[in-house]
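Report on the structure
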Amino acid sequence: MKTLFLVPLLSLFTFISFLSSQVGALDLTFNTDGKVTTALEPMSIDHLYALAIQPDQKIVAAGYAHGGANQDFALARYHPDGSLDASFGVDGKTITDFNAGADAATSIVLQPDGKIIVAGYALNGVQTDFALARYLENGSLDPSFGINGLQTTAIGLNNSEGLSVALQADGKIVVVGTATLIPTRGAFTMARYDTNGVLDTTFGAGGIMINAIDSTDEHAFSVAIRPDGKIVVAGYAHPNLDAYYDFAIAQYLPDGSLDSTFGINGRQLTDFQGFNDYGYAMLLQSDGKIVVAGSTRAGNTMLSMAVVRYNADGTLDTNFSQDGKTITSVNFQSDAAYSIALQTDGKIVVAGSSYLSLYESFRFAVLRYLPNGNLDNEFGKVTTAFQVGNDQAYAVAIQADGKIVAGGGSTNFDFALARYLPGEVVGVGDVPISTHALFIYPNPAAEQIVMEYSLDKAEPVSIALYNQSGKIIRLFSNQEQQPAGKQTRSLLLPSGLPSGNYVIVLTTPSGRASWPIVK
């Protein structure tokens, strides 16, 4: 007769306490230590600026690689365990040169059909232009897009850089960044492209919108599309040439004109402490509110992380940290948030860098805020070093299972990724029992156990054994494709496994289920 393990109250309390202690910790199932570095080319100088998570939970990273005379677009794709996906490009990596000049990818968006759009900038020999590339799922350029998969757009007579990309519901592509009008002045700049990579002439002036205000230097870093097609852009700007920079947001109608119902004539500036404030990253909440993250400086000394939330009309949301703004110092040196993501529970994750000391320099810094704007102290102020030196995170993304992936550059000039546990990584109730109906017997276990579970659909399954410290003891199954329906698995426990409490965790792209066992 089968014996199903019923979890006693004490065991539940033990495992829930264990979960809490793991919040913000590196995920040791990701490349065994929670961190991955990748050299894109031999002896190259590489930097990661953007991340995206595919529906199959593979991680796409983009930035640049400078391995020879030129700096080029660079992409890498990873399996959920952190290993390179050899089915993408060449051994998981692809390098793209535009004009034999300095090129850099700064932003990624995934199309519903699996194609990958990457935006950035490319040097045309004289100045930098907006640059777009579209890749097929295997990492090769899509010949149906632009010219052999590539598109560049010269804007003005000086440098222009595409820094963020978004996809409209109709498939059109919006790229925002900065065009330098004169050497000391930039302007919010957008370009919109049809699905084939050609400029959309119904937008702005011939597909381009430059929004410059007299006596203002402004820089756009992030874009998002509302369900009604309006376009929200965030960055920073001078109110006038003699003042300090402030956070800046603007909202545009679908034709590229400013939305006069938003903020003050379509724009809003936000000052934090009377000195320079830089907005780098933005997200839209499902309720229409806008969250922008970046940095703020107090006088000429400390630089801190800064987050602000606006109502849908561009006014400050006073339900967020009482006045709409929050400032966080990580190590009381020099901190900045460069990327932002939203959890399904409404918590806000920001990633960037923190300067520890002259000897330790910069580290990845990841913070999490509650929906009311308060710092989530359970998660803490997490910093991660790859090596002593200069490690900075420029991108953050959240997987379907809630795990947090941050990416950037390492001291060794490689792509660098780290993955963190968000809480409730192992424990009863990760996924509704109706979804994965997980049973394990016999329990207490001897040398072998049997798992029974059900899948609502065919998907890849990973099964792992953890100890109470959160360390993975054995990976029984790694992204093994399984059909929908009832599954039965026999698992042989490691030889010599000490007696004690352990946890079996089943993970799929749809979620997690877990169960404690006793040896």
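Described in the following lines is the structure provided in the data block.

Parameters at a glance
Residues numbered from 1 in each chain as written. Predicted model: local features only at pLDDT ≥ 70, side-chain atom pairs only at ≥ 80, totals over all residues. Heavy atoms only, no water. Helix = DSSP H or I, 4+ residues; strand = E, 2+ residues; numbered from the N terminus. Pairing = 2+ DSSP bridges. Axes fitted to C-alpha atoms, helices over the stretch in contact; angles between N-to-C directions. Patch = residues over 30% accessible without salt bridge, like charges linked within 9 Å, V, L, I, M, F, W, Y side chains within 5 Å. Areas by Shrake-Rupley, 256 points an atom, 1.4 Å probe, with all protein chains shown as cover. Salt bridge = Lys/Arg side-chain N within 4 Å of Asp/Glu carboxyl O. Buried < 20%, exposed > 50% of the residue type's maximum accessible area, 1.4 Å probe, protein only. Contact = heavy atoms within 4.5 Å.

So, the environment of glycine 24
- Position of glycine 24 relative to the elements: it lies in the loop between helix H1 (9-22) and strand E1 (35-38).
- Residues glycine 24 and glutamate 378, 354 residues apart in the sequence, show an inter-C-alpha distance of 8.1 Å.

Points about the sheet that holds E1
- Here we have 4 strands laid out as an open sheet, ordered E1-E29-E28-E27, and antiparallel in their pairing. A single partner strand is all that each edge strand has here, and the edge strands are E1 and strand E27 (392-398). Between one strand axis and the next, the sheet turns by 20 degrees as a mean value, whatever way the strands run.

Things to note about unusual backbone geometry
- A cis amide bond links tyrosine 441 with the next residue in sequence, proline 442, at an omega value of -10 degrees.
- Here proline 442 shows up in the loop between strand E30 (439-441) and strand E31 (448-455).
- Following asparagine 443, the chain continues to proline 444 via a peptide bond in cis, the omega torsion being 15 degrees.
- The topology assignment puts proline 444 in the loop between E30 and E31.
- Here serine 321, not a glycine, exhibits a phi torsion of approximately 50 degrees, which is positive.

Let's talk about a nonpolar patch on the surface
- A contiguous nonpolar surface patch, about 220 Å² in accessible area, is contributed by Leu181, Ile182 and Ile210.
- You can see leucine 181 is positioned in strand E11 (residues 173-182).
- Taking the relative accessible area as the measure of exposure, leucine 181 reaches 33% and is therefore partly exposed.

Section: the environment of glycine 34
- Here glycine 34 is to be found in the loop between H1 and E1.
- Residue glycine 34 is classed as buried on the basis of its relative accessible area of 0%.
- Separated by 350 residues in sequence, glycine 34 and threonine 384 have C-alpha atoms that sit 10.0 Å apart.
- Aside from chain neighbours lying at most four places away, what touches glycine 34 is Leu26, Asp27, Leu28, Leu417, Ala418 and Arg419.

Remarks on the sheet that holds strand E10 (residues 160-167)
- The strand order across the open sheet built from 4 strands is E10-E11-E12-E13, with neighbouring strands paired in antiparallel fashion. Among the strands making up the open sheet, the edge pair consists of E10 and strand E13 (208-211). The mean inter-strand angle of the sheet, taken between neighbouring strand axes irrespective of direction, is 25 degrees.
- With 7 bridges joining them, E10 and E11 adopt antiparallel strand pairing. For glutamate 161, the partnering residue across the bridge sits in E11 and is threonine 178.

In short, geometric facts, not functional conclusions.
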